[in-house]
Amino acid sequence: MLIAALGNPGPEYSRTRHNIAWQMIEHLSVFPDLEWSNKFRGDLATFKPETGGREKIYLLCPLTFMNLSGESISAAIRFFKMNLEDLLVIHDDLELDFGIMGYKKGGGLAGHNGLRSVVSSLGTRDFNRLRMGISKPSHGDITPYVLGGFTEDEQAVLPTFLEETARILETNFMEDMDTLVKKYKKHRIIPES
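Because the structure is a prediction, the values reported are computed rather than measured. Residue numbers run consecutively from 1 along every chain, following the written order of its sequence. Whole-chain, interface and lining totals are the exception, using all residues; otherwise, since this is a predicted model, local features are given only for residues with pLDDT of at least 70 and side-chain atom pairs are given and counted only at 80 or more. Note that the side-chain values use all heavy atoms of the structure and ignore hydrogens as well as water.

A. Molecular detail of the packing of aromatic side chains. Two rings from Phe, Tyr or Trp (for Trp, the six-membered ring) form a pair when their centres sit within 6.5 Å of each other. Planes less than 30 degrees apart are called stacked, planes more than 60 degrees apart edge-to-face, and all others tilted. Under the definition given, this model contains 10 aromatic pairs. On the numbers, 5.6 Å between centres and 70° between planes, the contact of phenylalanine 40 with phenylalanine 80 is edge-to-face. Here phenylalanine 40, found in the loop between strand 2 (37–39) and strand 3 (42–47), pairs with phenylalanine 80, found in helix 2 (residues 69–80); they are 40 residues apart in sequence, far enough to count as distant. Relative accessibility under 20% of the residue-type maximum defines a buried residue, over 50% an exposed one, and the middle range a partly exposed one, all with a 1.4 Å probe and only protein chains included. For phenylalanine 40, a relative accessible area of 18% puts it in the buried group. Here phenylalanine 80 falls in the partly exposed class, since its relative accessible area comes to 21%. Each ring, one from phenylalanine 79 and one from phenylalanine 80, has its centre 5.2 Å from the other, and the planes form 85°; the classification is edge-to-face. Given the relative accessible area of 56%, phenylalanine 79 is considered exposed. Looking at arginine 17, its charged tip hangs above the ring of tyrosine 145, at a distance of 3.9 Å from the centre. The cationic tip of arginine 129 hangs over the ring face of phenylalanine 127; the distance from NZ or CZ to the ring centre is 4.6 Å. The helix count covers DSSP runs of H or I at least four residues long, the strand count covers runs of E at least two residues long, and both are numbered beginning at the N terminus. Definition used: whenever NZ (Lys) or CZ (Arg) falls within 6 Å of the ring centre and also within 35 degrees of the ring normal, the charge is taken to sit over that ring.

B. Examining helix 6 (residues 177–184) more closely. When we look at burial in helix 6, the residues that qualify are Met177, Leu180 and Tyr184. Around the axis of helix 6, the buried residues are gathered within 60° of arc, so they sit on the same side. Of the residues in helix 6, the exposed ones pointing more than 90 degrees away from the buried face are Asp178 and Lys182. Residues adjacent in sequence count toward polar contacts only when both atoms are side-chain atoms; beyond that, a polar contact is any pair of N or O atoms within 3.5 Å, and within protein one must be able to donate a hydrogen and the other to accept it. With a side-chain oxygen positioned 3.1 Å from the backbone nitrogen of aspartate 178, the residue opening helix 6 is aspartate 176. What the arc covers is the set of directions going from the helix axis to the C-beta atoms.

C. Structural view of the nonpolar core. Ile3, Met24, Leu88, Ile90, Tyr103, Phe161 and Leu169 are the most contacted members of the largest nonpolar core, which totals 40 residues. A contact between two residues is defined here by any heavy atoms of the two lying within 4.5 Å. Setting aside residues no more than four positions away along its own chain, isoleucine 3 makes contact with Ile57, Tyr58, Leu59, Leu60, Leu88, Ile90, Leu169 and Phe173. One finds Leu6, Met66, Ile77 and Met82 within the second-largest nonpolar core, a separate group that totals 20 residues. Among buried residues, those of type Ala, Val, Leu, Ile, Met, Phe, Trp, Tyr and Cys that are joined through side-chain atoms within 4.5 Å constitute a nonpolar core.

Below is the structure:
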């Protein structure tokens, strides 16, 4: 299985909304023990889940910048000779309220340049996704919003959002996507304020 978390490299982007997938990866229980190497124009780590069953899980954080994420992911898919069913792309999602996560198979792009790149490189929209809600801005341009930091209210509960999403990801490595979509299509972690 290949888990690809979308984000932008560089300290100026590390705590932005667009990088919420990378921030969540840091909350995986295996994260402190991961050994990263630079492969496929990204950071790659490998681990075996404690839940058993799967031989290896590859964790990829493309370093190509969001708009070229698909180049890194498709290179890894080709190298490991994986089927698309073995790919899970984790990304921020404007269409979900902040504090909601959800599994999804296929679907639209919702203006997400990272997803657009993945679709362009793979030639299909039919891949598994784990969406992390960042809400839509009430007005103005999307770009500065997604490349901006979280509000004070969001920062106060962000660790809970990241930790619980990481826990759900880790405890469901063995589940098939249809089951995950039924259980966690739009799973609210942070209560509405």
